[in-house]
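Residue-level listing of the chains:
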Amino acid sequence: MVRIVSKQPRKQRKARFNAPNHTRGRFLSASLSPELRGKYNSRRTRVVKGDTVKVLRGDYAGEEGVVDSVDMKTCRLIVHGVMVTKADGTEVPRPIDPSNVQVTKLNLKDKLREERLGGGE
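Along each chain, numbering runs from 1 in the same order as the chain's sequence is written. Per-residue local features of the predicted model are confined to residues with pLDDT of at least 70, and side-chain atom pairs are confined, for both listing and counting, to 80 or more; whole-chain, interface and lining totals are unaffected and use all residues. As a rule here, side-chain values cover all heavy atoms of the structure and leave hydrogens and water aside.

Caption draft 1: The nonpolar core, seen in detail. Within this scheme, the nonpolar core is defined by two criteria: the residues are buried Ala, Val, Leu, Ile, Met, Phe, Trp, Tyr or Cys, and they are joined through side-chain atoms within 4.5 Å. Only protein chains enter the calculation, and the probe is 1.4 Å; a residue is then buried if its accessible area is under 20% of its type maximum, exposed if over 50%, and partly exposed in between. Judged by nonpolar contacts, the single largest core of 17 residues is most densely connected at Val 47, Val 53, Val 101, Val 103 and Leu 106. Secondary structure is summarised from DSSP: a helix means a run of H or I of at least four residues, a strand means a run of E of at least two, and numbering begins at the N terminus for each. Elements with a contribution of two residues or more to this core: strand 1 (29-32), helix 3 (34-40), strand 3 (52-55), strand 5 (76-85) and strand 7 (101-105). No other element matches strand 5, which puts three residues into this core. Beyond its immediate sequence surroundings of up to four residues, Val 101 is in contact with Ala 30, Ser 31, Val 53, Lys 54, Val 55, Leu 56, Leu 77 and Ile 96. Only heavy atoms matter for contacts: two residues are in contact if any of them lie within 4.5 Å across the pair.

What follows is the structure, encoded as C-alpha cells:
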C-alpha cells in the first residue's frame with residue numbers, strides 16, 4: 001500500500017493521483033461478503049473483471065452485477081446493469097468506487113488468484 005505519512009489532504013490526494021500502477025491496484029480492493037469471509041479468512045480482496053459485486057452505497061444500492069471492467073487510472077469499477085441516462089436518452093455505465101461495493105462471488109479463472117486467497121482450510 002502507498003505509505004501516506006502526511007495528514008494534509010492535499011498530500012494524500014497527490015499520493016493517490018501519482019501512485020505507480022503496482023500500488024494503484026491496492027486502491028481497487030473491496031470487502032468480501034460474510035460467506036466468502038468465512039471461507040477465505042480474509043476481509044478484503046482486489047476486485048477483478050468477472051467478479052460479482054453488490055452495490056452498498058449511493059443511488060444504486062442493492063443492485064448486484066458482474067464487473068465489466070476495472071479502470072486503473074480513476075480507480076473505478078464498471079458494473080453490469082448500473083447505468084445512468086444522459087440528457088439525450090442514451091444510457092452509459094456509471095463508474096462506482098470499489099469502497100462502495102461488496103464482492104459476493106469471485107472470478108477464480110486465474111489459478112494464481114485462487115492460490116493467493118487460499119482455500120480456507
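From this point, the narrative continues.
Caption draft 2: Here's a closer look at the pairing of strand 5. Should DSSP find at least two bridges between two strands, the strands are regarded as paired. As defined by bridge partners, strand 4 (residues 64-71) adjoins strand 5 across four bridges and the pair is classed as antiparallel. Looking at strand 5, one finds that Val 70 is bridged to Leu 77. In this antiparallel pair of consecutive strands, strand 4 and strand 5, the connection spans four residues, and Cys 75 shows a positive phi of 55°. What sits between strand 5 and strand 6 (residues 91-96) in their antiparallel hairpin is a turn of five residues, with Gly 89 showing a positive phi close to 95°.

Caption draft 3: Quick look at the side chain of Asn 107. Inspection of the secondary structure puts Asn 107 in the loop between strand 7 and helix 4 (111-117). Asn 107 sits in the buried class, given a relative accessible area of 18%. Between N or O atoms, a polar contact is any pair within 3.5 Å; within protein, one atom must be a potential hydrogen donor and the other a potential acceptor, and residues adjacent in sequence are included only when both atoms are from side chains. Within the local environment of Asn 107, its side chain forms a polar contact with the backbone oxygen of Lys 49, the two atoms lying 2.8 Å apart. A polar contact of 3.3 Å, which involves the side chain of Asn 107, links it to the backbone nitrogen of Lys 109. Aside from chain neighbours lying at most four places away, what touches Asn 107 is Val 48, Lys 49, Gly 50, Asp 51 and Arg 113.

Caption draft 4: The arrangement of the UniProt feature "domain: KOW" (unreviewed entry) in the protein chain in detail. The residues that UniProt annotates with the feature "domain: KOW" (unreviewed entry) are residues 46-73. Between the C-alpha atoms that bound residues 46-73 there is a distance of 15 Å. The span itself is 0% helix and 46% strand. UniProt positions are given in the numbering used here, feature names are shortened, and annotations may be inferred rather than shown by experiment.

Caption draft 5: Expanded view of the packing of aromatic side chains. The criterion for an aromatic pair is that two Phe, Tyr or Trp rings (for Trp, the six-membered ring) have centres within 6.5 Å, with stacked assigned to planes under 30 degrees apart, edge-to-face to planes over 60 apart and tilted to the rest. Counting across every chain of the model gives zero aromatic pairs. Note on criteria: charge over ring means Lys NZ or Arg CZ within 6 Å of the ring centre, with the direction from the centre no more than 35 degrees off the ring normal. When the ring centre of Phe 27 is taken as origin, the NZ or CZ atom of Arg 16, which lies over that ring, is 4.0 Å away.

Caption draft 6: Molecular detail of unusual backbone geometry. Phi angles above zero are rare outside glycine, and Asn 41 is one such case at about 50°. Tracing the chain through its elements places Asn 41 in the loop between helix 3 and strand 2 (44-46). Although it is not a glycine, Cys 75 sits at a positive phi angle of roughly 55°. Secondary-structure assignment places Cys 75 in the loop between strand 4 and strand 5.

Caption draft 7: Quick peek at the pattern of salt bridges. The term salt bridge refers to a side-chain nitrogen of Lys or Arg lying within 4 Å of a carboxyl oxygen of Asp or Glu. According to the stated counting rule, one finds three salt bridges in the structure shown. Ionic pairing is found between Asp 97 and Arg 76, a salt bridge with its closest N-O pair at 2.7 Å. With Asp 97 in the loop between strand 6 and strand 7 and Arg 76 in strand 5, this pair connects stretches of sequence that are 21 residues apart. Since its relative accessible area comes to 31%, Arg 76 is described here as partly exposed. Two residues, Glu 114 and Lys 111, come together in a salt bridge whose shortest N-O distance is 3.7 Å. One end of the pair is Glu 114 and the other is Lys 111, both in helix 4 and three residues apart, which spans about a single turn. Relative accessible area serves as the criterion here: at 32%, Glu 114 is assigned to the partly exposed category. With relative accessibility at 59%, the residue Lys 111 sits in the exposed group.

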